[in-house]
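Architecture at a glance
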Amino acid sequence: MLDMCTAEATASLLQVEETFSACLARINTLILKPLLQAEPSDQKGKENFKLLLLLNDRFQALCNLTEENYCMLKQKHSSSESFCIQDIYAVWKGDLFLNLYIQYFVTFANYVVVRGFEHATESKSEAWKHHKTVLKQFLTDFTSETSMSLALYTVLHKPIRDHIEHYILLLTKLNEVLKEGPEKDVVTSAIKEYVKLESFVSQVLDEACFTKSLWKSLSYKFTDMLCVPERRLLEDSKNLPISASTNRSDRVLLFDDVLVLIQGNSFQSFDLKLVWVDENCREKLAPGLYRLRIITPEETFFLSAKDPQMKAVWQWKLNQAVRQALNGKRDFPLWGKTGEGTKPPSCRFFTYVFRLEGKFKNTSYEGEWHWGKPHGKGTLKWHDGRNHVGDFKEGLEHGFGICLVPRKSEDRYDCYKCHWYEGKMRGYGICEYGNDMVYKGYFKDNVRQGFGILENFSAEHPFKYSGQWENDKKSGYGVWEDKDRGERYIGTWLDDHKHGQGIVVTQSGVCYQRTFHADKMVGSGILLLEDDSVYEGNFTEDLTFVGKGKLSFANGFILEGTFTNKSGQGLQTHGILNTSNEQLDDRITKVQLGLEEFPVEKRWKGIYDQFLEFIHSGCKEETEESFTGFHIQTSKELRKSQEYLFCQKGTEDVSWKTEDILEELVQHQELESLQSYLEKALKSSLHPLGKLLKALTIAFQATYSGIGANRHLLTMAQEEVKYYAKKIWEFYQGLLHLALEQKGQLPSKSMDEDTSDEKACSVVLPLILPCFYPELFMLYMLYHEREDDLYCQGIVDLSLFPDIKLLEFLDVQKHLWPLKDLTLTTNQRRSLIKDKCFLSATECLQKLITTVDPREKLVILQKTYEEIESTVSRVVEKDYRLPMDDLLPLLMYVVSRAK
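Residues numbered from 1 in each chain as written. Predicted model: local features only at pLDDT ≥ 70, side-chain atom pairs only at ≥ 80, totals over all residues. Heavy atoms only, no water.

An unreviewed UniProt entry lists the protein under the name ALS2 C-terminal like, with Otus sunia given as the organism.

Structure (structure tokens):
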């Protein structure tokens, strides 16, 4: 509690508050109310009048708080109650007092800057003329022999400033009589804040007068464009000499929000939020000059001082002004200790519209900046509707980004979800064109380059191309599927045309190999017909024989001669028919295409090159997606809007960060451990090896699934899968080599090619084969179709036999027959019963049709054998190991019954 001395200090505070409250009331009645009655009619006057209204609101808030404080003190003083710190609003509610005083003086300073008092005293309204005489008498109490505007300026701030000083003096006296403790600490803290407030008010008014003087000295052209109530002049090169680059400007003005360079009748302004000050200029300086480099989004220039002290002052003021502009508020006090020594951050977030000529002219950029350039994440918007969202580096698109480009003739967009490098598309990307086409593949310098898949989903002409691109055109090895025509082209391309050797597979089963030149067939070729006939020679696009050729029939006959096809007369030939060979020739019916024309090492080179480049680049985490492609779980994710900066990742239990991958590779070099590791890696859609396998699987399916399932491509497919295993092993070796190098270990001696191929076949091939089973199985079935037909017919014939007849026919020894399983019903003969013997083995074998994995099929065969042996052991009533002479006929029986 406060003692008697404290009560005296409080009484003094009460007297001060009473006097101040009365003063504010007089100012309100004699000055503000008349000023508010004289509303101007001109535009400039109206803008100033709005400021005056706001100033009046701030003033009334001060009056109310002062009155409330006075009433509280008076009530306590007149009562017998003891005083405490909570009774002094100026202390207990110090933050509220400070905020109201700051708001008032900031608004007052704004009014001063726009010369509000000068304009107000020049008013010609009747209300103002009526009060002018009374005001003059009142204002003489504050000033004498001065202008009316200066008197108004003085009376509206001096009493309030004096009152702040009274607070400081009274609180200081109060603090002197308080004992050490929490109450004294509270008062001490309040004194410090009011001292800061006093400094703040002084600086605010000095800045306002400094800024007003500037506007008076400049022409109307400059003031109309630059004069803003809230803007303050912080420094002027006329007062603190500095020049901006030789012959660039006559005057440099530093405001609290912009830096202005004036030259003649023009000026340039730079938003401080996008100004960077670099004091470490490395350029060669003229003798006697000390430079600061000023960096802005589109321009860089120098401020030159003649001595280091001048440079240091400008550098400090510039940095503090930029920092405060970025914070959105001034320091308190304005140039107090809180601002000293702190530089503005070099990384910022801001919106800017580029004006000068260049790539981004008239473009709006919103995002992160670093030293005057877009750097980090951001969004670019062009006037023509283009929109780029993504990563930037040193002013250019760099990293992952999504770009929308409007199509000129349609109300649609092309959407690029790509990786960028120094402003251009480079690496893996996905483009959804507005014409219903989608490209997934690699780019370089803004064009499709390397491996890529282009698919047209429109109903008019649906197609799909999977293969190599050069300079935005199909060039190199690729596969084209024409869904309208029901055919697939497998071969080489040049400048968007079929060019070189090519294989065409049709939905009807016809397959041919020809040489192409700019989409046209040239020279002779080989045509494989659905009836197993083979034609070698020239033929047209509609597969009509023309010119010299040889037709080999499936039955072994050969027709060799000249073929013609005249309108209305059908196919005619002049030649020799050789009927000496009447046997089916597998070399004809099962001829394999593409082996010499498309060496396996030249297929899908675009896929291997990217993964090889990734390893050579050091497997950097930030470039992994660019080289190896996105991890896309579903096709729906390709349609995500540009709000998503990154394609969503799948949820996998195992983390496959590059550094973790390289670390684990070193730990899993033993064969058993390696196989387990590779199995996990190849199944993962995040591991580079898993991504490589996924890309190869897509390429394989594009070639051999659906229309491409043709028996004449079996060997080509087999070679390809073996080569996949070899390349995956090579890439594994490359990753391991890099991992060991990074750990400072010497890689083991590289194995020769034969050993490497052996490892690829023994370790990798069994792991990747399941990915290609569906296509390979179909090719095997088509290749062995004739044999399978004969086999199936044999099964059908055997299935007609009753059980006993079939066992007898297959020469199964009678003591092995499970006759007890042949249960008879009324009027049923044992010799006619079917499908009762070895029933468990038959049902087991039938499970083959539900499995795809060859390893699972082998397990089923083993279980079938066990079921046969179990049944025989039951029949002979002892454990019985079947010799091959007994097993083979029994197995044939079970196979025929399983159908």
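1. Digging into the nonpolar core
Nonpolar side chains in soluble globular proteins tend to be buried together. Counting residues in each nonpolar core, the largest one holds 73 residues, and the members touching the most others are Y101, Y104, F108, L156 and Y194. Among all residues touching F108, those that are not within four sequence positions of it are L55, F117, Y153, L156, H157 and L205. V600, F627, Y677 and L692 belong to the second-largest nonpolar core, a separate cluster that totals 70 residues. (Core = buried A, V, L, I, M, F, W, Y, C linked by side-chain atoms within 4.5 Å. Buried < 20%, exposed > 50% of the residue type's maximum accessible area, 1.4 Å probe, protein only. Contact = heavy atoms within 4.5 Å.)

2. Regarding the pattern of salt bridges
This model, assessed by the stated rule, comprises 34 salt bridges. Measuring nitrogen to oxygen at the nearest pair gives 3.4 Å for the salt bridge that ties D609 to K605. Of this pair, D609 and K605 both sit in helix α14 (residues 605-616), separated by four residues, roughly a single helical turn. By relative accessible area, D609 is classed as partly exposed at 32%. Through salt bridges with shared partners, one network takes in E207, D256 and R330. (Salt bridge = Lys/Arg side-chain N within 4 Å of Asp/Glu carboxyl O. Helix = DSSP H or I, 4+ residues; strand = E, 2+ residues; numbered from the N terminus.)

3. Describing the sheet that holds strand β4 (residues 258-263)
Read across the sheet, four strands follow the order β1-β3-β4-β5 without closing on themselves; strand pairing throughout is antiparallel. Both edges of this open sheet fall to β1 (233-236) and β5 (266-271), since each of them pairs with a single strand only. The sheet shows a mean angle of 20° between the axes of neighbouring strands, taken without regard to direction. Sheet topology note: the β1/strand β3 (residues 251-255) ladder contains three bridges and is antiparallel. Bridge pairing links L233 to F255 in β3. (Pairing = 2+ DSSP bridges. Axes fitted to C-alpha atoms, helices over the stretch in contact; angles between N-to-C directions.)

4. A closer look at empty space enclosed by the protein
With a probe scaled to a water molecule rolled over the atoms, the places where space remains empty come into view. What the rule picks out here adds up to three cavities of 30 Å³ or more. The volume enclosed by the largest cavity comes to roughly 50 Å³. Contributing to the lining of the largest cavity are F611, F614, I615, P688, L689, L692, F731 and L735. Within the residue set of the lining of the largest cavity, elements represented by two or more residues are α14, α18 (688-704) and α19 (714-742). Here the residues of the lining of the largest cavity are counted per class, giving eight nonpolar, no polar and no charged. (1 Å grid on protein atoms, 1.4 Å probe; cavity = no way out; pocket = protein on both sides within 12 Å on 5 of 7 lines; lining within 4 Å. Points joined across faces, edges and corners; volume = space filled by probe spheres on them. Nonpolar A, V, L, I, M, F, W, Y, C, P; charged D, E, K, R; others polar.)

5. Remarks on the packing of α14 against α18
Relative placement of two packed helices is described by the angle separating their axes and the distance separating the axes. Contact geometry of α14 with α18 gives a least axis separation of 11 Å together with a crossing angle of 170°. As far as their axial angle goes, α18 and α14 are roughly antiparallel. Contacts from I607, Y608, F611 and F614 of α14 reach α18 at P688, K691, L692, A695, L696 and A699. Here the contact of α14 with α18 is composed, by residue class, of nine nonpolar, no polar and one charged. (Parallel < 35°, antiparallel > 145°, perpendicular 65-115°, else oblique.)

6. Quick notes on a negative patch on the surface
On the surface, a cluster of negative charge is contributed by E621, E622, E659 and D660. The topology assignment puts E659 in helix α16 (residues 658-667). (Patch = residues over 30% accessible without salt bridge, like charges linked within 9 Å, V, L, I, M, F, W, Y side chains within 5 Å. Areas by Shrake-Rupley, 256 points an atom, 1.4 Å probe, with all protein chains shown as cover. Lys, Arg positive; Asp, Glu negative; His and termini not counted. Charge placed at Lys NZ, Arg CZ, Asp CG, Glu CD.)

7. Considerations on unusual backbone geometry
Positive phi, normally seen in glycine, also occurs at N362, with a value near 65°. The phi dihedral of D532 falls on the positive side, at around 75°, and the residue is not glycine. The residue D532 is located in the loop between β23 (520-528) and β24 (534-539) in this model.

8. Notes on the environment of F360
Position of F360 among the secondary structure elements: in the loop between β9 (347-353) and β10 (364-370). Residue contacts for F360: discarding those within four places in its chain leaves F354, L380, W382, G395 and E397.

9. Focus on the sheet that holds strand β6 (residues 276-278)
Across the sheet, which stays open at both edges, the four strands sit in the order β2-β8-β7-β6 with antiparallel pairing between neighbours. If you trace the sheet from one side to the other, it starts and ends with β2 (243-244) and β6, each paired once. Both β2 and strand β8 (residues 300-305) contribute to a ladder of two bridges, which runs antiparallel. What sits directly across from A244, in β8, is L303. Sheet strands touched by helix α12 (residues 308-327): β6, β7 (290-295) and β8. Its angle to β7, the strand with the most contacts, is close to 20°.

10. Quick notes on helix α26 (residues 884-898)
An ideal rise of 1.5 Å per residue puts 21 Å on 15 residues; α26 measures up with 20 Å between its terminal C-alpha atoms. Those residues of α26 that fall on the buried side of the exposure criterion are D886, L887, P889, L890, Y893, V894, S896, R897 and A898. Here the buried face of α26 lies against α22 (785-799), α23 (803-809), α24 (839-845) and α25 (854-876). Positive backbone phi, approximately 55°, marks K899, located one or two places after α26. (Expected span 1.5 Å × (residues − 1).)

11. Section: the pairing of strand β21 (residues 497-506)
The element β21 is extensively covered by neighbouring structure, given that seven of its ten residues are classed as buried. Taken together, the seven bridges between strand β20 (residues 487-494) and β21 define a ladder with antiparallel strand orientation. Paired with Y489 across the bridge in β21 is V504. Count of turn residues in the β20/β21 antiparallel hairpin: two residues, of which D495 carries a positive phi of about 50°. Note: β21 against strand β22 (residues 511-517), six bridges, orientation antiparallel. Its bridge partner lying in β22, V505 is registered against C511. The antiparallel pairing of β21 with β22 creates a hairpin that spans four residues between the two strands, and G509 there sits at a positive phi of about 105°.

12. Describing the pairing of strand β15 (residues 424-432)
Most of β15 sits inside the fold, with seven of its nine residues counted as buried. Sheet analysis places strand β14 (residues 413-421) next to β15, joined by six bridges and oriented antiparallel. Bridging across to β15, C415 finds its partner in E432. The turn joining β14 and β15, which pair antiparallel and follow one another in sequence, is formed by two residues; a positive phi near 50° is taken by E422. Linking two consecutive strands that pair antiparallel, namely β15 and strand β16 (residues 437-444), is a turn of four residues; a positive phi of about 70° is found at D436 within it.

13. Structural notes on the packing of α14 against α19
Contact geometry of α14 with α19 gives a least axis separation of 10 Å together with a crossing angle of 10°. Between α14 and α19, the interaxial angle falls into the category roughly parallel. For the pair formed by α14 and α19, the contact residues are Y608, F611, L612 and I615 on the first element and Y723, Y724, K727, F731, G734, L735 and L738 on the second. By residue class, the composition of the contact of α14 with α19 is nine nonpolar, one polar and one charged.

14. A word on the packing of aromatic side chains
The geometry of an aromatic ring pair comes down to the distance between the two centres and the angle between the two planes. Considering all chains together, one arrives at 49 aromatic pairs under this definition. With a centroid separation of 6.0 Å and an interplanar angle of 90°, the aromatic rings of Y352 and W369 are classed as edge-to-face. One end of the pair, Y352, is in strand β9; the other, W369, is in strand β10, and 17 residues separate them in sequence. In this pair, the class of Y352 matches that of W369, namely buried. With 5.1 Å between their ring centres and 90° between their planes, Y365 and W369 make a pair best called edge-to-face. Note on Y365: relative accessible area 0%, which makes it buried. Among the aromatic residues, those joined into a cluster by ring pairs are Y416, Y433, Y439, F443, F463, Y465, W469, W480, Y489, W493 and F516. Between R231 and the ring centre of F255, over which it is positioned, the NZ or CZ distance is 5.8 Å. Just above the ring of Y608 sits the side chain of K727; from NZ or CZ to the centre is 5.4 Å. (Phe/Tyr/Trp six-rings, centres within 6.5 Å; stacked < 30°, edge-to-face > 60°. Lys NZ or Arg CZ within 6 Å of the ring centre and 35° of its normal.)

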